[in-house]
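Chain by chain, the residues:
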Amino acid sequence: MISLRERLLTTLRGGVSDRIPWNIYAWLAPDTAARRTLHRKGLSFMDARRIFRPVYEGVSIHEECKNVDGRPCFYTRIETPLGVLTEEAVLEPNYGSRWIRKYFITGREDYPAAEYLFRHTRFEPDFQPWRQADAEMGEGGIVVGEIMLIPIMTLMVSWMGVERLAEGIYDHPGQFDALIDVLNEHYDRQIQLAAESPAEIIWFGDNVTGTIISPRLFERYCAPVYARAVPVLRSAGKIPIAHYDGSNRPLVSCLARTPLPVIEAFTPPPMGDLSVAEAKAAWPDKVVWVNFPGSLFLEPAETIHAYALDLLREGAPGGRLVIGCTEDFPLSEFEKTFTAIGRALAEYEGYEW
């Protein structure tokens, strides 16, 4: 019988597996008897490890953690010859996510220091964490090689937030594009490291959404990066999977023109704005890796089962489909929800649950 790992890889490579792959990010599934039972019944896992390490030259980085109002808060200070950058972040208590309260770049005055930091950062290969995680995963799933987000999303997510991103694009385009240019060099270096790495699947965790990145901005800042990066990876036998869990309808044509082979974390209605059938029709050369909508986790088991069955009837014909879960959810709903999805898969494909 084909392993869970090979089932998923077969689909991601563009083939047709014996069953529709069913997957969850490994860190989301609670360590319970239900997890082990569902794993035996076909639920595979995806883990991730970075395949690079940064080396900084001419800068000083200080990190401190303090307990504020019972919550861990992280303070980072980066000292450069052209200024000091500071970040404040807090650990969100429910899922352990790190939320930035103050970004490193708060205005135009921080651009010189940020550009200096970027220009004095280089990247070296760091493949051992991936090798170890892959050995531990075995045939139960895959471990993807993780690189930085594409430059515009790196700036938005890690350095300046949405408001300062818009300010940079429209009010300070010359300085903003200087930051993008340096990050493009870093990104191209990481693509080369990914091509040389032992990881077959390379994760583009870009989180692009059409509610922020318009088609015009996509064509300016996203499409050229994919056009450079994907051929390098494909020629090395790698499969990039791009994380698109937001609003995809405004970008459906833009994405169709990219060489991306897998759209990962694709979230259909009621949380997303594009159905699986529409996505597969628009992207006939791409695999659609579905993120099961988080709002449904709070529904009764039969509602979840019925939704999953409808999704399969709509999106499974023709292959190119992975049923996944790529977002935080209430852990109390794990067994109910994934059992209902598993039953729907068994009913649709005609095997005993």
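This section reports on the structure supplied with the text. (Residues numbered from 1 in each chain as written. Predicted model: local features only at pLDDT ≥ 70, side-chain atom pairs only at ≥ 80, totals over all residues. Heavy atoms only, no water.)

## Things to note about the overall build of the protein chain
Phase 1 of the analysis: When helices and strands are counted, the protein chain shows 11 helices and 14 strands.
Phase 2 of the analysis: Relative to the globule expectation of 20 Å for 353 residues, the C-alpha radius of gyration of the protein chain, 21 Å, shows essentially globular dimensions.
Phase 3 of the analysis: Viewed in the frame of its principal axes, the protein chain has a C-alpha envelope of about 65 × 45 × 35 Å.
Phase 4 of the analysis: Looking at the protein chain residue by residue over its 353 residues, the buried ones come to 53%.
Phase 5 of the analysis: Distance between charge centroids for the protein chain: 3 Å, based on 36 positive and 48 negative side chains. (Helix = DSSP H or I, 4+ residues; strand = E, 2+ residues; numbered from the N terminus. Rg over C-alpha atoms; globule rule 2.2 N^0.38 Å. Buried < 20%, exposed > 50% of the residue type's maximum accessible area, 1.4 Å probe, protein only. Lys, Arg positive; Asp, Glu negative; His and termini not counted. Charge placed at Lys NZ, Arg CZ, Asp CG, Glu CD.)

## Section: the pairing of strand β12 (residues 262–266)
In the case of a regular strand, side chains alternate between the two sheet surfaces.
Phase 1 of the analysis: In terms of residue burial, β12 counts as a mostly covered element, since 5 of its 5 residues are buried.
Phase 2 of the analysis: Two elements, β12 and strand β13 (residues 287–291), share 3 bridges in a ladder whose sense is parallel. Its bridge partner being in β13, Val262 is matched across the sheet by Val287. (Pairing = 2+ DSSP bridges.)

## Some remarks on the packing of helix α3 (residues 111–119) against helix α5 (residues 151–171)
Phase 1 of the analysis: Two numbers describe how α3 lies on α5: the axes approach to 14 Å, and their chain directions differ by 140°. In terms of their interaxial angle, α3 and α5 are classed as oblique. As for how α3 packs across α5, the hand of that crossing is left-handed. Contact with α3, carried on its side by Tyr111, Leu117 and Phe118, involves Leu155, Trp159, Met160, Arg164 and Gly168 of α5 and no other residues of that element.
Phase 2 of the analysis: A breakdown of the residues in the contact of α3 with α5 according to their chemical character gives 6 nonpolar, 1 polar and 1 charged. (Axes fitted to C-alpha atoms, helices over the stretch in contact; angles between N-to-C directions. Parallel < 35°, antiparallel > 145°, perpendicular 65-115°, else oblique. Left-handed = near helix turned anticlockwise from the far one by under 90°. Contact = heavy atoms within 4.5 Å. Nonpolar A, V, L, I, M, F, W, Y, C, P; charged D, E, K, R; others polar.)

## Considering α3
Residues lying three or four places apart along an α-helix face the same way, a consequence of the helix completing one turn every 3.6 residues.
Phase 1 of the analysis: Within α3 the residues assigned to the buried category are Tyr111, Ala113, Ala114, Tyr116, Leu117 and Phe118.
Phase 2 of the analysis: Residues of α3 that are buried make contact with β3 (52–56), β5 (71–80), β6 (83–91), β8 (121–125), α5 and α6 (173–196).

## What about the pattern of salt bridges?
Phase 1 of the analysis: Inspection of every chain in the model, using the stated rule, returns 22 salt bridges.
Phase 2 of the analysis: Arg7 is paired through a salt bridge with Asp18; the nearest N and O atoms lie 3.0 Å apart. Here Arg7, found in helix α1 (residues 4–12), pairs with Asp18, found in the loop between α1 and β1 (22–25); they are 11 residues apart in sequence, far enough to count as distant.
Phase 3 of the analysis: Across the pair Arg36 and Asp31 runs a salt bridge whose closest N-O atoms are separated by 3.0 Å.
Phase 4 of the analysis: Residue Asp31 is classed as exposed on the basis of its relative accessible area, which comes to 66%. (Salt bridge = Lys/Arg side-chain N within 4 Å of Asp/Glu carboxyl O.)

## A few points about the side chain of His186
Phase 1 of the analysis: Following the sequence through the fold, His186 ends up in helix α6.
Phase 2 of the analysis: According to the relative accessible area criterion, His186 is buried, its value standing at 9%.
Phase 3 of the analysis: Other than its neighbours up to four places away in sequence, His186 contacts Phe118, Thr121, Phe123 and Met148.

## What about unusual backbone geometry?
Phase 1 of the analysis: Going from Pro269 to Pro270, the amide bond is cis rather than trans, its omega being 15°.
Phase 2 of the analysis: Here Pro270 is to be found in the loop between β12 and α9 (276–282).
Phase 3 of the analysis: Notably, Asp69 is not glycine yet its phi reads approximately 55°, a positive angle.
Phase 4 of the analysis: Structurally, the position occupied by Asp69 is in the loop between β4 (60–68) and β5.

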